Amino acid sequence: MIFCANYNQPWNSTLPTLLLLQKCKTCNDVNQIHARMITTGIIRNTTLTAKVVVTFSSSPYRPLIEFARYIFFTRLAFQICTKQDDPFLWNAIIKSYSHGLDPKQALVVFCLMLENGVCVDKFSLSLVLKACSRLGLVKEGMQIHGLLRKINFGSNLFLQNCLISLYLKCGFLEFARQVFDKMPIRDSVSYNSMIDGYVKSDKIESARELFDSMPIREKNLISWNSMICGYAQQKGRLQIAWELFEKMPERDLISWNSMIDGCVKRGKMDDAKTLFDRMPKRDSVSWANMINGYAKLGRVDIARGLFDEMPGRDVVACNSMMGGYLQNGCCLEALEIFHGMLCENDLCPDDASLLLVLSAIARLGHTDKGVAVHHYLEKNEFSLNGKHEEKSVDHWNAMINGLAIHGLGELAFDLLMEMERLSIEPDDITFIAVLNACGHAGLVKEGLFCFELMRRIHKMEPKLQHYGCMVDILGRAGRIQEARRFIEDMPIEPNDVIWRTLLSACKNYDNLNAGEPAAKHLIAINSSSSSSYVLLSNMFAGLGMWNDARRVRSMMKERNLKKIPGCSWIELEGVVHEFFVQDKSHLQAPEIYSMLD
């Protein structure tokens, strides 16, 4: 109960009710206020009901917003007035929709407003344009645009900026530019909106043209940051971003973080570290960017050092560290970070955290830990979208990937056929998963069928991963010459992974004719990788060509290259056991080798 009525005021006084408005949070609170208003008769007090609408329509609590709308439509909206010049209350209700969970209703209320002869002002129009932007309703937005011109709001700067925002969010860049070009007066919002639109559409030259033409008084931090971010994200344009960064009259966290992000994406961690050290102030994004950058280069030791040094770690930094560990095969360490998050009172895992930890658990095969995370999801009411009847392509991909990992290629292929039957559009990840499954299960015909299905029926351009899977399928089946021709006919440059896949197949099938050229090509494009030398040396040794094998090993010594031994993990009764090639350090090694023999 939120009140006992004793404010030294008459029972039907509006003062206690007004004071209690601010304390309402739940449906029960609302019902008490409503009952008081009815029993005292003050529900007929227009001043009080208007106060209810204004106070509750912007509340963070949904029951109060609904109450404000109810009071407005039942007590205020349709009262008989000779003239309704003030749209203030209508605007409050429209805003509750345009900024809330059901923006489409903002258009309905706006139309109702016009039908009832209520005068609209610039705020009414800006709110309904906001709703159109959120929903991508460009046609309705254009109707509002037409209305602006009819009621002499067409040249209003604030509304012109709203129109630019609408067209940009709906993807109509040229319409936004037409509005911009016809504006009699422009401010920094006008310029910055257009610059941001061009940057996001990857039209950096058009953005730069506007940036350079901006009056000095309008050019602000947002303008500079948009340009720096645009150049930093584009390949080969980082130097231009540097030049702008050095010229900036002032910088904020966004400026520094944009530059660091650009350096990280280009793998220039020395430059990123220089910027990071120069920063007058850092936030969680700065730290997470650095952690992510080092992890991507395989330097998880440096990434972990930064993570441990970071003051006030947040979920973003934890996710970056977990992702880095996962990317580098350190699944146990990723689990450790997750458990650390659970122990922190002020850290709550988000969807990304849970996806990462589930990936780590899946790779380790820790079924019991997977079940524990599932219980955590249910207990904390995370959305388990996979339980919905309508499954997205991501759900299908997860199932196909799971089947592929466990060598169930035929079932993975059947799932793809089921997607086709149900007219569910697969994406490039679907085909990578199915092709992987076909490769591990030796399903050559099915793999070739999938590749052609992707190209001819779904009109998807294969990526390097798809070509790599096809080379693997043909190579595993011993169809070395076909795999080689496949590489030669690729429309894109094959990378070292594809050549190594071919070389591995050549080694398995003792095909020196195709293997030796592949190895030489690999060594030429990546001379610092030991695996190419080892595969070639082993191939020579397998064919009894000992002099050639020694020659390759000598090349490795001269270049100071060492083979990193392969490693496997297995979990038994909650304990993870690690084995290297020919490893006999395990306490039960004699029994293990005896069982294998």
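A few points on the structure. As the structure is a computational prediction, the values presented were derived from the model and not from experiment.

**Digging into the overall build of the protein**
Each helix and strand counted, the protein has 33 helices and 2 strands in total. Per-residue burial for the protein yields a buried fraction of 45% across its 597 residues. Within the protein, residue pairs in contact and separated by at least 24 positions form 55% of the contacts whose partners lie at least 6 positions apart. For the protein, the exposed area adds up to about 32,800 Å²; of that, 53% sits on carbon and sulfur atoms.

**Some words on the pattern of salt bridges**
In the structure shown here, the tally under the stated rule is 21 salt bridges. Residue arginine 177 pairs with aspartate 181 through a salt bridge whose shortest N-O separation is 2.9 Å. Of this pair, arginine 177 and aspartate 181 both sit in helix α10 (residues 173–182), 4 residues apart, roughly one helical turn. Each of Arg62, Glu66 and Arg69 takes part in a single network of salt bridges with overlapping partners.

**Overview of the packing of aromatic side chains**
Inspection of every chain in the model, using the stated rule, returns 15 aromatic pairs. Considering the side-chain rings of phenylalanine 211 and tryptophan 224, the 5.1 Å spacing of their centres and the 85° angle between planes classify their relative orientation as edge-to-face. Pair noted here: phenylalanine 211 is in helix α12 (residues 204–213) and tryptophan 224 is in helix α13 (residues 221–233), with a separation of 13 residues, a long-range link. Exposure remark for phenylalanine 211: the relative accessible area of 2% places this residue in the buried category. With 5.0 Å between their ring centres and 85° between their planes, phenylalanine 276 and tryptophan 287 make a pair best called edge-to-face. One end of the pair, phenylalanine 276, is in helix α16 (residues 269–278); the other, tryptophan 287, is in helix α17 (residues 284–296), with 11 residues separating them in the sequence. The exposure class assigned to phenylalanine 276 is buried, which follows from its relative accessible area of 2%. You can call tryptophan 287 buried: its relative accessible area is 6%. An aromatic cluster of at least three residues, connected via ring pairs, comprises Phe72, Phe73 and Trp90.

**A few points about the packing of α12 against α13**
Look at α12 against α13: their axes get within 11 Å of each other, and the N-to-C directions meet at 155°. Between α12 and α13, the interaxial angle falls into the category roughly antiparallel. Both α12 and α13 take part in a crossing whose hand is left-handed. Two secondary-structure elements touch here, α12 through Ile204, Ala207, Arg208 and Phe211 and α13 through Ser223, Trp224, Met227, Gly230 and Tyr231. Partitioned by chemical class, the residues of the contact of α12 with α13 number 6 nonpolar, 2 polar and 1 charged.

**Some remarks on the packing of helix α9 (residues 157–169) against helix α11 (residues 188–200)**
Put simply, α9 and α11 touch, their axes get as near as 10 Å, and they point 5° apart. Considering the angle they form, α9 stands roughly parallel to α11. Contact residues: α9 offers Leu157, Asn161, Ile164 and Leu168, while α11 offers Val189, Ser190, Ser193, Met194 and Gly197. Considering only residue class, the contact of α9 with α11 consists of 5 nonpolar, 4 polar and no charged.

**Focus: helix α19 (residues 315–327)**
Between its first and last C-alpha, α19 extends 18 Å over 13 residues, near the 18 Å set by a 1.5 Å rise per residue. Within α19, 11 of the 13 residues are buried, which leaves it mostly tucked inside the rest of the structure. Within the span of α19, buried status applies to Val315, Ala317, Cys318, Asn319, Ser320, Met321, Met322, Gly323, Gly324, Tyr325 and Leu326. A positive backbone phi angle near 75° is found at glycine 329, which sits one or two residues after α19.

**A few points about the side chain of serine 59**
You can see serine 59 is positioned in the loop between α3 (46–57) and α4 (62–76). One polar contact links the side chain of serine 59 to the main-chain amide nitrogen of tyrosine 61, over a distance of 3.0 Å. Apart from the residues lying within four places of it in its own chain, the contact partners of serine 59 are Leu64 and Ile65.

**Describing unusual backbone geometry**
Within the chain, serine 423 stands out as a residue other than glycine whose phi angle is a positive 60°. Checked against the element boundaries, serine 423 lands in the loop between α24 (409–421) and α25 (428–441). Even without glycine at this site, lysine 459 takes up a positive phi of about 50°. In this structure, lysine 459 sits in the loop between α26 (444–457) and α27 (464–476). A relative accessible area of 66% means that lysine 459 is categorised as exposed.

**A closer look at the environment of phenylalanine 338**
For phenylalanine 338, the location among the structural elements is in helix α20 (residues 331–343). A residue is classified by how much of its surface remains accessible, and phenylalanine 338, at 2% relative accessible area, is buried. Each C-alpha atom, one on phenylalanine 338 and one on proline 349, is 7.9 Å from the other, the two residues being 11 residues apart in sequence. When neighbours within four sequence positions are excluded, phenylalanine 338 is seen to be in contact with Met322, Pro349, Ser353, Leu354 and Val357.

**Quick word on the environment of proline 249**
Turning to its location among the elements, proline 249 is positioned in the loop between α14 (238–247) and α15 (253–265). Overall, proline 249 belongs to the exposed group, its relative accessible area being 68%. Each C-alpha atom, one on proline 249 and one on asparagine 220, is 9.0 Å from the other, the two residues being 29 residues apart in sequence.

**Overview of α17**
Along its 13 residues, α17 runs 18 Å from first to last C-alpha, staying within 8% of the 18 Å computed at 1.5 Å per residue. When α17 is considered as a whole, its buried residues turn out to be Ser286, Trp287, Ala288, Asn289, Met290, Ile291, Gly293, Tyr294 and Ala295. Residue aspartate 283 occupies the N-cap position of α17, its side-chain oxygen lying 3.2 Å from the main-chain nitrogen of valine 285. Just downstream of α17 lies glycine 298, where phi reads positive at about 85°.

**Details of the state of the cysteines**
On inspection of all chains with the given rule, the structure shows 0 disulfides. Cysteine 132 supplies the cysteine sulfur nearest to cysteine 111, a cysteine that is in no disulfide, at a spacing of 9.5 Å. Since its relative accessible area comes to 42%, cysteine 111 is described here as partly exposed. There is no disulfide at cysteine 330, and the cysteine sulfur nearest it, in cysteine 331, is 7.7 Å away.

What counts, and at which threshold
- Residues numbered from 1 in each chain as written.
- Predicted model: local features only at pLDDT ≥ 70, side-chain atom pairs only at ≥ 80, totals over all residues.
- Heavy atoms only, no water.
- Helix = DSSP H or I, 4+ residues; strand = E, 2+ residues; numbered from the N terminus.
- Buried < 20%, exposed > 50% of the residue type's maximum accessible area, 1.4 Å probe, protein only.
- Contact = heavy atoms within 4.5 Å.
- Areas by Shrake-Rupley, 256 points an atom, 1.4 Å probe, with all protein chains shown as cover.
- Salt bridge = Lys/Arg side-chain N within 4 Å of Asp/Glu carboxyl O.
- Phe/Tyr/Trp six-rings, centres within 6.5 Å; stacked < 30°, edge-to-face > 60°.
- Axes fitted to C-alpha atoms, helices over the stretch in contact; angles between N-to-C directions.
- Parallel < 35°, antiparallel > 145°, perpendicular 65-115°, else oblique.
- Left-handed = near helix turned anticlockwise from the far one by under 90°.
- Nonpolar A, V, L, I, M, F, W, Y, C, P; charged D, E, K, R; others polar.
- Expected span 1.5 Å × (residues − 1).
- Polar contact = N/O pair within 3.5 Å; in protein donor to acceptor, adjacent residues only side chain to side chain.
- Disulfide = S-S within 2.5 Å.

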